[in-house]
Amino acid sequence: MTTEEVKKKAAAGAKKEKKAVNAKDLTVDPATVEMIERSRELGIETIFDRAQTMKPCNIGLQGICCKNCAQGPCRLPMPKGGIEGEDTRKGLCGATPETIASRNFARMVAAGAAAHSDHGRGVAETFLAAARKETEDYKIKDTKKLLEIAPDYGVDITVEGEDGEKLARDMDEIAVELGETALAQWGQQQGEVITVKRAPAPRYELWKKLGVIPRGIDRETVEIMHRTHMGVDQDYENMTDQCTRASLADGWGGSMIATDLQDVMFGCPYPVKSSANLGVLKEDHVNIIIHGHEPLLSEMIVQASELPELLALAKEKGANGIQLSGICCTANEILIRHGVPLAGNYLQQELAIVTGAVDAMVVDVQCIMENVANVADCFHTKIITTNPRAKIASGNTIHIEFDEHTAFNDAKKIVKEAIENFTKRETEVMIPDYSSDLIAGFSYEAINYHLGGTFRGSYAPLNDNIINGRIRGVAGVVGCNNARATHDEAHITIVKELIKHDVIVLTTGCNAITCAKVGLLTPESAKVFCGAGLAEVCETVGIPPVLHMGSCVDNSRILMAATEVVKAGGLGNDISDLPAAGSAPEWMSEKAISIGQYFVASGVYTVFGVTLPVSGAPVFEDHLYNKLEGIYGGMWDLEADPIKHAHKMIAHIDKKRKALGIDKSRERVLMDMAARQKLEAA
Ligand code: NFS
Ligand code: SF4
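Not measured: the values here are computed from a predicted model.

Reading the values: rules and limits
Residues numbered from 1 in each chain as written. Chains lettered and ligands numbered in written order. Predicted model: local features only at pLDDT ≥ 70, side-chain atom pairs only at ≥ 80, totals over all residues. Heavy atoms only, no water. Helix = DSSP H or I, 4+ residues; strand = E, 2+ residues; numbered from the N terminus. Rg over C-alpha atoms; globule rule 2.2 N^0.38 Å. Contact = heavy atoms within 4.5 Å. Near = heavy atom within 4 Å. Nonpolar A, V, L, I, M, F, W, Y, C, P; charged D, E, K, R; others polar. Domains from an automatic or database assignment. Donors = N, O, S within 2.8 Å, 3.2 Å for Na, K, Ca; no water. Tetrahedral: all angles 85-135°; square planar, octahedral: opposite > 155°, others 65-115°. Axes fitted to C-alpha atoms, helices over the stretch in contact; angles between N-to-C directions. Parallel < 35°, antiparallel > 145°, perpendicular 65-115°, else oblique. Left-handed = near helix turned anticlockwise from the far one by under 90°. Patch = residues over 30% accessible without salt bridge, like charges linked within 9 Å, V, L, I, M, F, W, Y side chains within 5 Å. Areas by Shrake-Rupley, 256 points an atom, 1.4 Å probe, with all protein chains shown as cover. Salt bridge = Lys/Arg side-chain N within 4 Å of Asp/Glu carboxyl O. Lys, Arg positive; Asp, Glu negative; His and termini not counted. Charge placed at Lys NZ, Arg CZ, Asp CG, Glu CD. Buried < 20%, exposed > 50% of the residue type's maximum accessible area, 1.4 Å probe, protein only. Pairing = 2+ DSSP bridges. Right-handed = clockwise from strand over helix to strand, strands pointing away. Phe/Tyr/Trp six-rings, centres within 6.5 Å; stacked < 30°, edge-to-face > 60°. Core = buried A, V, L, I, M, F, W, Y, C linked by side-chain atoms within 4.5 Å.

1. Some words on the overall build of the protein chain
Piece 1. Counting secondary structure elements, the protein chain contains 27 helices and 18 strands.
Piece 2. For a compact globule of 682 residues, the expected C-alpha radius of gyration is about 26 Å, and the protein chain comes in at 25 Å, within 12% of that figure.
Piece 3. Seen through its principal axes, the protein chain has C-alpha atoms that stretch 75 × 70 × 65 Å.
Piece 4. Once local pairs closer than 6 in sequence are excluded, the contacts in the protein chain between residues at least 24 apart make up 75%.

2. What about the site of ligand 1?
Piece 1. The local shell around ligand 1 consists of His293, Cys328, Cys329, Tyr346, Cys367, Gly479, Cys480, Cys510, Cys552, Met588, Ser589 and Lys591.
Piece 2. Each residue belonging to the shell around ligand 1 can be placed in one class, and the counts come to eight nonpolar, three polar and one charged.
Piece 3. Split by domain, the shell around ligand 1 shows at least three residues from each of two domains, domain 2 (278–422) and domain 3 (437–660).

3. Remarks on the environment of Ser247
Piece 1. Of note, Ser247 is situated in helix α10 (residues 236–266).
Piece 2. A C-alpha to C-alpha distance of 40 Å links Ser247 and Glu37, two positions 210 residues apart in sequence.
Piece 3. Ignoring any residue separated from it by four or fewer positions in sequence, one finds Ser247 in contact with Val109, Ser594, Gln597 and Tyr598.

4. Here's the deal with the site of ligand 2
Piece 1. Close to ligand 2 lie Cys66, Cys69, Gln71, Gly72, Cys74, Gly91, Leu92, Cys93, Ala95, Arg103 and Met230, which account for all nearby residues.
Piece 2. Considered class by class, the residues forming the shell around ligand 2 number seven nonpolar, three polar and one charged.

5. Considering the coordination of the nickel atom of ligand 1
Piece 1. Just one protein atom donates to the nickel atom of ligand 1; it is Cys552 (SG), sitting 2.1 Å from the metal.
Piece 2. In this structure, the nickel atom of ligand 1 is coordinated by four donor atoms arranged in irregular fashion, with angles at the metal of 89 to 168°.
Piece 3. Turning to its location among the elements, Cys552 is positioned in the loop between β15 (546–550) and α23 (555–568).

6. Some details on the packing of helix α12 (residues 308–316) against helix α16 (residues 407–422)
Piece 1. Across the interface, α12 lies against α16 with an axial gap of 9 Å and an inter-helix angle of 10°. Judged on the interaxial angle alone, α16 and α12 are roughly parallel. In the packing of α12 onto α16, the handedness of the crossing is right-handed. Residue-level contacts link Glu309, Leu310, Leu313 and Ala314 of α12 to Lys412, Val415, Lys416, Ile419 and Glu420 of α16.

7. Structural notes on a negative patch on the surface
Piece 1. Among the surface-exposed residues, Glu160, Glu162, Asp163 and Glu165 lie close enough to one another that they form a single negatively charged patch.
Piece 2. If you trace the backbone, Glu160 turns up in strand β3 (residues 158–160).
Piece 3. Judged by relative accessible area, which is 61%, Glu160 ranks as exposed.

8. Details of the sheet that holds strand β16 (residues 580–584)
Piece 1. Taken together, the six strands give an open sheet; going across it, the order is β15-β14-β13-β16-β17-β18, and neighbouring strands pair in parallel fashion. The open sheet terminates on both sides in strands that have one partner only, identified here as β15 and β18 (636–638). Strand after strand, the sheet turns through a mean of 25° between neighbouring axes, direction not considered.
Piece 2. One ladder, built from three bridges, connects strand β17 (residues 605–608) with β18; its direction is parallel. Paired with Val607 across the two strands is Asp637, which belongs to β18.

9. A short note on the pattern of salt bridges
Piece 1. In total, this model carries 41 salt bridges according to the counting rule given.
Piece 2. Between Arg169 and Glu173 there is a salt bridge, with the nearest N and O atoms lying 3.1 Å from each other.
Piece 3. By relative accessible area, Arg169 is classed as buried at 15%.
Piece 4. Taking the relative accessible area as the measure of exposure, Glu173 reaches 41% and is therefore partly exposed.
Piece 5. Linked through salt bridges whose partners overlap, the residues forming this network are Lys145, Asp263, Glu333, Arg337, Glu445, Asp554 and Arg557.

10. Details of the pairing of strand β14 (residues 503–508)
Piece 1. The element β14 is extensively covered by neighbouring structure, given that six of its six residues are classed as buried.
Piece 2. Neither face of β14 is exposed, since Val503, Val505 and Thr507 on one face and Ile504, Leu506 and Thr508 on the opposite face are all buried.
Piece 3. Across five bridges, the pairing between strand β13 (residues 473–477) and β14 is parallel. Bridging across to β14, Val477 finds its partner in Thr507.
Piece 4. On the question of chirality, the crossover connecting β13 to the parallel β14 by way of helix α19 (residues 489–500) is right-handed.
Piece 5. As paired elements, β14 and β15 share four bridges and run parallel to each other. Its bridge partner being in β15, Val505 is matched across the sheet by Val546.

11. Observations regarding the packing of aromatic side chains
For any pair of aromatic rings, the description consists of the separation of the ring centres together with the inter-plane angle of the planes.
Piece 1. Here the structure, examined in full by the defined rule, presents eight aromatic pairs.
Piece 2. With 5.7 Å between their ring centres and 70° between their planes, Trp207 and Trp252 make a pair best called edge-to-face. Residue Trp207 is found in helix α8 (residues 201–210), and its partner Trp252 is found in helix α10; the two are separated by 45 residues along the sequence. Pair check on accessibility: Trp207 and Trp252 agree, each one buried.
Piece 3. Put simply, the rings of Phe105, Tyr236, Trp587, Phe608, Phe620 and Trp636 touch in pairs and so form one group of aromatic residues.

12. A few points about the nonpolar core
Piece 1. Trp207, Leu498 and Trp636 are the most contacted members of the largest nonpolar core, which has 170 residues in total.
Piece 2. Setting aside chain neighbours within four positions, we find Trp207 in contact with Val196, Ala199, Val212, Ile213, Leu248, Trp252, Ala601, Ser602 and Tyr632.
Piece 3. Of all hydrophobic cores here, the second largest spans 37 residues; its members include Ile44, Val358, Val363 and Cys378.

Set out below in structure tokens:
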């Protein structure tokens, strides 16, 4: 389509808006500003426009709309001015606001845990196929990691020789048994999800005492669906316990197993260089964007796009090469293992297509906006769906099913489709000229190596720097973008505020992409943005102050890093003792709720931005925000203001430093710094 035709077509589909909000008020990312403006110039409607024309429902926002049976929906909005005296609000069946809000919350946990875990199941199935050599396309690549994790799954890595000596066990045998054990965690009915035992011993014992250790990954999610059916669990505390079981089955189960097995198949990530933002697209290349979550697909596409025959085909079609890039967590997966650049985060998916330079957007599962199909329809861009779970009904997408047994061939077909499409570009290409350098790929193993100095080193040097006060604490800042908040603003403000106060940041998901775009994933940024203590550590070790650990499934890496810190000693006995906090500044996905719950149950104070759908049920809200601290040592919080948000985390970190008796050391470091700066100034 020519540019004029695009305008006509878009105008026919778009709703007329009153007055467009200035793009600069919708995002702090200059590339996104340019592309919002471009979309408007072409008359193409995006989520940024729809967020203006459609406001959220005030009752749903408070979490107190129940539609779990056909006598409802029953809506129990907070009376203006709050509750005076007894709260008499009830649904038809008598359900209280606490019951309704906790049921809705639990269903979010179930959906989030299911999304992560179903991803994990697919990985486990493919892993097993690879181990049994039923597929040529996937291999057991990282045998070092295989041997490291096998014992955690109860898999022997040695066999007894004839004289009783220990001999190395056959690698294929180990892999098959590991795959079988991993896959069995989903359907297991009794006992414990095996990887939960990786938590620090006191944490594991606490869970055991509370009776919240997940029995099987699928079972806990199904039980949430049962409990939230009309007329079942009507006790918000009991419901929260089930949220814990299902979320632990995610974070310490499905997600953790996914990360483990992906690392063994595709390699454990170590730091790589790359770049981020829409400027990574190349006008003279075939641009393929991979969007979604599962590395099973993207790993094959990375390989296919390097095939000489396909590169030759691209040349033949007039392109100078094939440029792969990613959006959302698929982007993070192929970045941390191959250095493939990041095109953008969640809210940039439609805008990537608006550049006119994307020949194919290949999607699998999760966080894919249905509207990409409408935007693509205004251009030559092909949307290629690949997963049988995730098709788009729109007539202008194509489905090339991706099967683990024929994966490489499927990937070749997809890449070829994109190359053929390169010649069909008609609309003027407009790629915003923004991209930033980055270093990513800090698995907990890599952090160990960087801070410890040897592969089998330990977290002791990190702990020392926390104890001596140069590093004030550790924050995990993760999660989505949300069209109800200014794109990227809270992410950047919170992370900068944290590192300015000497809090080192571990990041994943769309937060990681935001940090990448503003240069926070470079060692050089330490000098510019960090407090003196953290800057000194980063400069000495040569690491960025914000460590990119991968996708949202890789939040399990943060749990493992926290566990390593506990093990290294000197900072208490459990994750809840650590000067640490979690944050999801711009969350929107149900996965984030599952993640939040497993962080909290793991002992982490976890602050969400934007909103949480519990404000209409004050007793349940108090349970999440306050009471859980007495049970788990971690609790939820909500703070939409980014500066206050960061300072709530810092206050919690300081509270933990004080409890550990290391608050004074920090004062000494700061005095040292001041003294040194004075000397330097003199
Ligand atoms: Ni996480 Fe990753 Fe992004 Fe949110 Fe979606 S991509 S799995 S859910 S939007 S961070
Ligand atoms: Fe209303 Fe109760 Fe039915 Fe919910 S379960 S819709 S509160 S009657």
